[in-house]
Amino acid sequence: MAILFYSNVDSGPRWRTQLLRQMPERECRVWPDIGDPADIDYAIVWRAPPGLLVSLPRLRMILSLGAGIDHVLRDSTRPPGVPIVRLVDPYLTGAMSEYVALQVFRLHRQDVDYQEQQRREQWIEHPQKNAGERTVGILGCGVIGREAGRRLKTFGFDVAGWTRTARQLPEFPTHAGAAGLDELLGRSEILVCLLPLTPETEGILNAGTFARLPRGAGIVNAGRGQHLVEDDLIPALDSGQLSAAALDVFREEPLPPGHPFWHHPRIVVTPHIAGITNPATAAIVLCDAIRRFEAGEPVPNLVDPSRGY
Ligand code: NDP
Ligand code: OXD
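As the structure is a computational prediction, the values presented were derived from the model and not from experiment.

A. Up close: the sheet that holds strand β5 (residues 84-85). Read across the open sheet, the 5 strands follow the order β2-β1-β3-β4-β5; overall the sheet is parallel. Where the open sheet ends on each side, the last strands, each with one partner, are β2 (27-30) and β5. Examined bridge by bridge, strand β4 (residues 61-64) and β5 share 2 bridges and lie parallel to one another. Across the sheet, the residue bridging to Leu-63 is Val-85, located in β5. On the sheet, helix α1 (residues 13-22) packs against β1 (2-7), β2 and β3 (40-46) and is oriented at approximately 165° with respect to β2. Against the sheet, helix α9 (residues 279-294) engages β1, β3, β4 and β5, with an angle of about 160° to β4.

B. Examining the site of ligand 2 more closely. Close to ligand 2 lie Trp-46, Gly-66, Ala-67, Gly-68, Leu-92, Arg-224, His-272 and Gly-275. Here an oxygen atom of ligand 2 sits 2.7 Å away from a polar atom, N or O, in the side chain of Arg-224. For ligand 2, an oxygen atom lies 2.8 Å from a polar atom in the side chain of His-272. In the complex, 86% of the free accessible area of ligand 2, which totals 210 Å², lies under the protein chains. Counted by class, the shell around ligand 2 contains 3 nonpolar, 4 polar and 1 charged residues.

C. Here's a closer look at helix α8 (residues 230-238). When α8 is considered as a whole, its buried residues turn out to be Glu-230, Leu-233, Ile-234, Ala-236 and Leu-237. The buried side chains of α8 occupy one side of the element, clustering within an arc of 165° when seen end-on. Residues of α8 that are exposed and point over 90 degrees away from its buried face: Asp-231 and Asp-238. Residue Gly-240 follows α8 closely and has a positive phi angle near 90°.

D. Structural detail: the sheet that holds strand β10 (residues 217-221). Here 7 strands make up an open sheet; going across it, the order is β8-β7-β6-β9-β10-β11-β12 and the pairing parallel. The open sheet terminates on both sides in strands that have one partner only, identified here as β8 (174-176) and β12 (267-269). Across this sheet, the average inter-strand angle for adjacent strands is 15°, counted without regard to direction. In the packing of helix α6 (residues 177-187) onto the sheet, contacts are made with β6 (135-139), β7 (158-163), β8 and β9 (190-193), and the angle to β7 comes to roughly 155°.

E. Unusual backbone geometry, seen in detail. Cis geometry marks the peptide bond from Trp-31 to Pro-32; its omega dihedral reads 15°. Here Pro-32 shows up in the loop between β2 and β3. The linkage connecting Glu-253 with the following residue, Pro-254, adopts the cis geometry, with an omega of -5°. Tracing the backbone shows Pro-254 in the loop between β11 (242-247) and β12. Although it is not a glycine, Arg-47 sits at a positive phi angle of roughly 55°. By secondary structure assignment, the location of Arg-47 is in the loop between β3 and β4. Backbone geometry at Gln-110 places phi at a positive 60°, although glycine is not the residue there. Mapped onto the elements, Gln-110 comes out in the loop between α3 (90-108) and α4 (111-119).

About the criteria used
- Residues numbered from 1 in each chain as written.
- Chains lettered and ligands numbered in written order.
- Predicted model: local features only at pLDDT ≥ 70, side-chain atom pairs only at ≥ 80, totals over all residues.
- Heavy atoms only, no water.
- Pairing = 2+ DSSP bridges.
- Helix = DSSP H or I, 4+ residues; strand = E, 2+ residues; numbered from the N terminus.
- Contact = heavy atoms within 4.5 Å.
- Axes fitted to C-alpha atoms, helices over the stretch in contact; angles between N-to-C directions.
- Near = heavy atom within 4 Å.
- Polar contact = N/O pair within 3.5 Å; in protein donor to acceptor, adjacent residues only side chain to side chain.
- Areas by Shrake-Rupley, 256 points an atom, 1.4 Å probe, with all protein chains shown as cover.
- Nonpolar A, V, L, I, M, F, W, Y, C, P; charged D, E, K, R; others polar.
- Buried < 20%, exposed > 50% of the residue type's maximum accessible area, 1.4 Å probe, protein only.
- Arc of directions from axis to C-beta.

Written out as structure tokens, the structure reads:
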């Protein structure tokens, strides 16, 4: 009985320490030191190479190191029927909410313009709205979107959300489905994407979407790079339909050298750091899921592969 750890961005020793702190009785192997693949019953992974999961003949559960599980579902060779658990960690939710607040304030207070003016030594004042006069639309109001929206509300923003299924949240109103998206876009001066990547949500940030926002709207994408049709962004910025974009995720990560997003004056680039998984807190959540699974108790945050999230 052993846990396997794989991450394409973390070599693993600090994770091993945290996992063993929670489950000292277990063996924790860090890829590529798998040992006998038949020993592995749980795989804790971030962007595992296709073929790794299917090579583990006694695998009982796949646990994602991130909230998004598109990296697991896109592996068509993964063993069917093995349950997948995604990471829901209040520490991560808090970090994501901070990132969203930072970028929403940046757009709300026209920081991109003032940064550019500083570079040019220009002293120009622009009209400024108050938060209550600004609608922030949030695409995806699950664990993260809901908390980010709740925090924005405390600053006074007019927050509205978009979900797949119609919901009544106590924190702020939401819209659902295609008609609901139209309503939300029509009034969102700042649009935040916190959707999971599914066939339905891929490419949702496109020229048609931008055209339905109020002129001069800003966008924040902390969902997945594939949500954005990259070729549509710069024309929308250059025409003034969009005023600025804050992007944390990209179709290709790291964002390749020479990519036009690096140097566009109205694009803020961060390297997929909106919510960095924290080993100390995530290990508690992941080991709790394993314990519940073994005790035959309901496991929270199980993924529905047919839904895609
Ligand atoms: P959840 O599964 O809790 O929430 C997903 C939300 O998206 C739900 O409100 C869901 O609707 C909605 N949704 C899904 N499909 C559609 C659709 N077709 N139309 C409208 N709404 C839809 O996810 P989390 O909040 O935990 O995470 C969201 C995403 O954030 C992750 O999948 C990941 O991509 C990204 N992320 C990025 C990080 C970063 O560092 N940049 C870090 C962590 C997460 P409904 O409520 O009806 O189910
Ligand atoms: C993600 C994460 O899903 O880092 O991007 O949790």
